[in-house]
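Descriptive analysis of the structure
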Protein chains: 2
Amino acid sequence: MNNFIYYTPTEVYFGKKQEEHLNEILNKYHYKKILFHYGMSSIKKTGLYDKVINQLKLSKIDYVELPGVSPNPKLSLVLKGVEICKKENVDLILAVGGGSVIDSAKSIAVGAKVDFNPWLFSIKEKTPQDHIPVGAILTISAAGSDMSDSCVITNDSTNEKRGFNSRHNRLLFAILNPELTYTVGPYQTACGIVDIMMHTLERFISPGDDTPLTDNIAIGLLKAVIDAGRIVMKNPQDYDARATLMWANSLSHNGLTSCGREFVMSVHQLEHELSGKFDNIAHGAGLAVLWPAWALKAYKYALNRFLKLSYEVMNVTPTQNKEADAIKGINLIKEFFKEIKMPTTLKELNVEEKDFEELAYNAMFKGKRTLKDVIEVDYKMALEILKSAK
Amino acid sequence: MNNFIYYTPTEVYFGKKQEEHLNEILNKYHYKKILFHYGMSSIKKTGLYDKVINQLKLSKIDYVELPGVSPNPKLSLVLKGVEICKKENVDLILAVGGGSVIDSAKSIAVGAKVDFNPWLFSIKEKTPQDHIPVGAILTISAAGSDMSDSCVITNDSTNEKRGFNSRHNRLLFAILNPELTYTVGPYQTACGIVDIMMHTLERFISPGDDTPLTDNIAIGLLKAVIDAGRIVMKNPQDYDARATLMWANSLSHNGLTSCGREFVMSVHQLEHELSGKFDNIAHGAGLAVLWPAWALKAYKYALNRFLKLSYEVMNVTPTQNKEADAIKGINLIKEFFKEIKMPTTLKELNVEEKDFEELAYNAMFKGKRTLKDVIEVDYKMALEILKSAK
């Protein structure tokens with residue numbers, strides 16, 4: 001078991017109608033000027049926008065709005081946010097939306113405290129030392145950005161998508177009402193399910209020996225997500241299943257399922273290039289395609305971890321043939337992705353073989369990066385994975 | 001799934017030699033005067049005291065010492081600590097020891113911010129609004145006070161032992177090095193194992209329907225603790241098993257295993273009276289005696305929860321007779337307690353039948369309290385439980 005630091009300071013208000021307490025929550029923290037940050041029209045359609053405005057008015061705290069966050073949140077909007085925060089002395093950012101809105105808020109939050117472009121944090125040339133506190137109302141269970149220390153931004157002038165991790169990316173508070181996800185459609189819901197699973201699965205299948213407590217928690221989370229996923233695809237308004245997904249969204253990426261383990265997440269790194277280059281590809285869909293392809297390359301090199309997955313998560317009956325048992329587990333996960341109508345080939349995402357070389361090259365930072373996962377993922381391996389996912 | 005607030009702000013530094021970074025950790029937080037709070041002679045024997053002093057000197061932060069915390073930490077020492085904090089302008093308390101030292105520090109931390117006796121927090125006549133930050137170096141895996149919002153103090157003038165929960169009881173940081181528990185003897189180790197298990201078990205067997213994600217995490221934690229417990233009893237220096245116990249100690253009582261569930265913990269309430277009255281009874285030993293007795297009264301009223309425990313934690317093979325399956329699970333837990341040399345009868349703790357009425361009466365606050373667990377525990381039921389545990 002490796003040494004680790006565990007730091008999840010975010011105060012989570014979980015459950016029905018929790019967004020109706022926003023006013024009290026805001027007043028608890030004594031901030032004076034809020035940047036209300038959100039996406040496109042969806043929170044206006046669902047009525048959440050009006051609710052938030054109403055609560056902001058009740059709180060009597062001054063606020064300024066910045067809408068317009070798109071999927072794969074863009075640096076250009078972050079820079080606009082930074083400018084507003086500096087000019088208006090914003091001391092709290094309220095992000096209302098999904099992972100994109102929260103990540104955009106996180107980048108603004110660290111950017112507002114420095115006099116250089118926060119993209120330097122994304123490409124790891126600078127390390128954040130301070131941030132404006134961020135609170136969020138989450139509207140989709142997927143990215144887990146509400147409790148994670150991760151922030152992924154796309155530089156729209158260079159088309160690079162980069163993630164960085166920092167304690168300054170941890171939110172002050174998160175309001176998680178599963179009812180707010182009732183309106184998320186089946187495709188986005190399924191993408192979310194995959195993303196949630198992958199945050200734990202990529203931590204679970206990682207270099208190193210077993211870590212029994214962390215492993216058991218990871219196994220329990222994956223089983224709960226698969227069960228809830230099946231329920232939600234049939235009945236989108238099943239509260240308990242939506243609640244399981246939402247809470248798993250947070251726990252799967254807050255660090256809990258990697259305590260004592262290596263943290264590489266090479267499939268995530270590869271996928272960022274895919275959905276970064278093709279704006280119409282959802283991150284979860286990209287992961288559903290890439291993980292099984294990666295796993296079929298990797299299973300021999302972490303056989304015990306894959307067997308744990310097969311036996312304890314996917315209920316594979318042990319046989320004498322361990323490798324076959326491992327493959328069976330991987331295929332069952334792939335089957336689950338198909339069952340919830342996720343793509344499992346790049347073809348289904350309209351990515352053609354002619355794009356593979358460039359994707360692999362850029363994902364590995366112009367061929368210079370090697371990810372030391374249970375297998376080393378360099379340009380060559382990235383290309384192999386893409387080819388086998390075609 | 002009930003609504004809940006989840007708040008675990010404590011920064012955990014987990015792993016080998018982490019206490020050797022105390023100096024850097026302290027300097028990160030910019031405090032100016034520390035109260036170094038600890039127990040009796042044990043940290044001097046193990047050399048931890050010298051290490052801490054050395055780190056304090058390295059940090060160049062001024063400090064004052066308050067030793068003398070006993071098991072079942074006493075209000076009289078808390079009051080001494082409060083006086084020191086006020087007089088010396090202490091702005092950080094460093095607790096080095098087990099749950100008793102940390103709880104004593106927590107009580108001092110809230111007491112130093114008010115001009116009345118902090119016992120009023122313990123008996124819930126007042127609610128804390130502020131606290132001095134507390135950091136800890138943990139030396140025994142048991143109480144989980146390092147991440148919990150709980151604080152249990154004994155009023156040595158009235159002999160009452162009372163616990164209260166507050167966000168102000170959450171620590172700023174906790175240094176958890178499993179190696180520091182190598183020297184904990186078999187009896188105290190076993191008491192710790194029981195305490196860790198009970199923090200989750202009492203949350204797991206609680207009123208309400210299943211909460212799949214929380215349940216799976218609880219099941220995984222209990223299984224990991226039982227496995228690690230068996231290893232540690234044979235090999236006290238097995239790092240990974242000690243690490244599992246230490247991390248489970250934190251996660252079992254930080255709220256994770258009750259998210260979305262009722263929180264009553266009636267066996268803990270009853271046990272506090274037992275170890276409060278008899279200073280020689282360890283809390284974990286008391287729990288080992290009382291839980292099976294309570295469970296055999298309660299199983300019919302939460303059969304599904306007990307069956308989950310039997311089938312998913314204790315590996316009972318399901319039969320047609322559900323009640324028998326539930327009882328089998330309870331008995332297997334009792335067997336595990338015996339296996340790790342814990343008492344399972346009050347007789348083994350030298351508690352005599354003549355004491356039962358007074359114990360039940362005081363545990364239920366002079367007969368006035370009713371705990372609404374899966375069964376209602378009032379004076380009469382408390383007495384029945386004690387009798388069946390004789």
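In what follows, the accompanying structure is described. Worth saying up front: this structure is predicted, and the values here are computed from it rather than measured. (Residues numbered from 1 in each chain as written. Chains lettered and ligands numbered in written order. Predicted model: local features only at pLDDT ≥ 70, side-chain atom pairs only at ≥ 80, totals over all residues. Heavy atoms only, no water.)

Let us now look at the overall build of chain A. Along chain A, the regular secondary structure elements total 15 helices and 10 strands. For chain A, the C-alpha radius of gyration of 20 Å lies close to 21 Å, the compact-globule estimate for 390 residues. In chain A, buried positions account for 62% of the 390 residues. In the form shown here, chain A has an accessible surface area of approximately 15,000 Å², with 49% of it arising from carbon and sulfur atoms. (Helix = DSSP H or I, 4+ residues; strand = E, 2+ residues; numbered from the N terminus. Rg over C-alpha atoms; globule rule 2.2 N^0.38 Å. Buried < 20%, exposed > 50% of the residue type's maximum accessible area, 1.4 Å probe, protein only. Areas by Shrake-Rupley, 256 points an atom, 1.4 Å probe, with all protein chains shown as cover.)

Across the sheet, which stays open at both edges, the 12 strands sit in the order S3(A)-S2(A)-S4(A)-S5(A)-S8(A)-S1(A)-S1(B)-S8(B)-S5(B)-S4(B)-S2(B)-S3(B) with mixed pairing between neighbours. Two strands close off the open sheet at either side, each with one partner strand: strand S3 (62-66) of chain A together with strand S3 (62-66) of chain B. Within the sheet, the average angular offset between the axes of one strand and its neighbour, ignoring direction, is 25°. Two strands pair when backbone bridges link them, and strand S1 (residues 4-14) of chain A and strand S8 (residues 173-176) of chain A are joined in this way by four bridges, in the parallel orientation. Bridge pairing links Glu-11 of chain A to Phe-173 of chain A in S8 of chain A. Here helix H5 (residues 99-111) of chain B sits on the sheet and contacts strand S2 (33-38), S3, strand S4 (92-97) and strand S5 (134-138) of chain B; the angle it forms with S4 of chain B, its principal contact strand, is near 165°. (Pairing = 2+ DSSP bridges. Axes fitted to C-alpha atoms, helices over the stretch in contact; angles between N-to-C directions. Contact = heavy atoms within 4.5 Å.)

Moving on, we come to the relation of the copies chain B and chain A. Two copies of a chain can be linked by a rotation about an axis combined with a shift along that same axis. Mapping chain B onto chain A calls for a rotation angle of 180° and an axial translation of 0.0 Å; the resulting RMSD is 0.0 Å. Overall, the copies show the geometry of a two-fold rotation axis. By C-alpha distance to the rotation axis, the residue of chain B lying nearest is Pro-9 of chain B, at 1.9 Å. When the interface residues of chain B are mapped onto chain A, 100% of them are again interface residues, pointing to one common binding face. (Least-squares fit on C-alpha atoms with pLDDT ≥ 70 in both.)

The next point concerns the state of the cysteines. Counting across every chain of the model gives zero disulfides over all chains. Its sulfur unpaired, Cys-259 of chain A is 15 Å from the next cysteine sulfur, which belongs to Cys-259 of chain B. Residue classification places Cys-259 of chain A among the buried residues on the basis of a relative accessible area of 2%. (Disulfide = S-S within 2.5 Å.)

Every contact between the two is made by 37 residues of chain B and, on the other side, 37 residues of chain A. A buried area of about 3,200 Å², summed over both sides, lies between chain B and chain A, and 61% of it is on carbon and sulfur atoms. Broken down residue by residue, the surface that chain B buries against chain A is led by Met-1, Leu-213 and Trp-247 of chain B, which jointly contribute 21%. Where chain B meets chain A, there are two salt bridges. (Buried area = accessible area lost by both parts, 1.4 Å probe. Salt bridge = Lys/Arg side-chain N within 4 Å of Asp/Glu carboxyl O.)

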